[in-house]
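An overview of the molecular structure
For reference, the chains in residue letters:
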Amino acid sequence: MEKYCKKVAVIFLVVILSIYWISVMCVVLGEVDISYQGFAIDSKNNLYIGCNSGVIKNYNEKNLIGTISAQTSRGYDFTILENDNIYIDCGDRAHYIDLNGNVLETITKDIPKFTDLRPSSKEFISKDGTIYRLENAFGRVKIVKYSNTQKKIIYEMPLFDFFMKVIVSYGTVLFMIAVTLLVWKNRRQSEDG
């Protein structure tokens, strides 16, 4: 019976580790987005979401209509200015790009800070005064449009991305606990043996 239990435990571990590895690879390769670099709305009410994979995704009525390179592979902040140009703050440089992704200007000195242009990456106020907020419901991100007394969800993190986020987040914690327990067990065995 003990041999059978060990086999089941090994199979269970292999399956869990495989799911965890697939989830991590989906995140690393940019197939899913588990964190966001902010969002903005253009004059035509199209939504732009900065993703951790170095792209800005463009949505119209919850439908993905295109992607734009964020001109960096690390963290960045961005906003859409009144002239519908996108401003991307990469820390050591900044870019002005049009809505098609064409770089209009790159700045490396005296960079205007993102916080000077927009105080928060979790809220955006459009030209007409409509407020949009990035909200988080148990880790599942959504963007909500507030106009007059109405509240409308204009974007919600896809379920698949959310599940990958949960698997990667909890899987990492469980992996760290498992490694700690294994090290502790091996130390006890070496001290006893």
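Preceding this section is the structure that the text describes.
Now for a quick tour of the structure. On a predicted model such as this, the values are computed, not experimentally measured, just so you know.

Let us look at the packing of aromatic side chains. Centre distance and the angle of the planes are the two values used to describe a pair of aromatic rings. Inspection of every chain in the model, using the stated rule, returns five aromatic pairs. Geometrically, the ring pair formed by Tyr-87 and Tyr-96 is tilted, given 5.1 Å between the ring centres and 50° between the ring planes. Neither residue differs from the other here; Tyr-87 and Tyr-96 are each classed as buried. Note on Phe-162 and Phe-163: the rings are 6.0 Å apart at their centroids and 45° apart in plane angle, and the pair reads as tilted. Judged by relative accessible area, Phe-163 falls into the partly exposed class, the value being 46%. Through a chain of ring-to-ring contacts, the aromatic side chains of Tyr-36, Tyr-59 and Tyr-155 assemble into a single cluster.

Moving on, we get to the sheet that holds strand β2 (residues 47-51). Overall, antiparallel pairing links the four strands, which are arranged β1-β2-β3-β4 in an open sheet. For this open sheet the edge positions go to β1 (36-41) and β4 (63-69), each flanked by a neighbour on one side alone. Mean inter-strand twist for the sheet, computed between neighbouring axes without regard to direction, equals 20°. Examined bridge by bridge, strand β3 (residues 55-60) and β4 share six bridges and lie antiparallel to one another. Each residue of the ladder has a partner; that of Asn-58, found in β4, is Gly-66.

A few words on the layout of surface pockets. Roughly 490 Å³ of volume is contained in the largest pocket. Lining of the largest pocket is provided by 17 residues; of these, Leu-13, Leu-17, Leu-174, Phe-175 and Ala-178 occupy positions nearest its centre. Elements supplying a minimum of two residues to the lining of the largest pocket: α1 (2-28) and α3 (159-192). With eleven residues, the single largest contributor to the lining of the largest pocket is α3. Looking at the lining of the largest pocket residue by residue, the classes come out as 15 nonpolar, one polar and one charged.

Here is what the cut-offs are and how they apply
- Residues numbered from 1 in each chain as written.
- Predicted model: local features only at pLDDT ≥ 70, side-chain atom pairs only at ≥ 80, totals over all residues.
- Heavy atoms only, no water.
- Phe/Tyr/Trp six-rings, centres within 6.5 Å; stacked < 30°, edge-to-face > 60°.
- Buried < 20%, exposed > 50% of the residue type's maximum accessible area, 1.4 Å probe, protein only.
- Pairing = 2+ DSSP bridges.
- Helix = DSSP H or I, 4+ residues; strand = E, 2+ residues; numbered from the N terminus.
- Axes fitted to C-alpha atoms, helices over the stretch in contact; angles between N-to-C directions.
- 1 Å grid on protein atoms, 1.4 Å probe; cavity = no way out; pocket = protein on both sides within 12 Å on 5 of 7 lines; lining within 4 Å.
- Points joined across faces, edges and corners; volume = space filled by probe spheres on them.
- Nonpolar A, V, L, I, M, F, W, Y, C, P; charged D, E, K, R; others polar.

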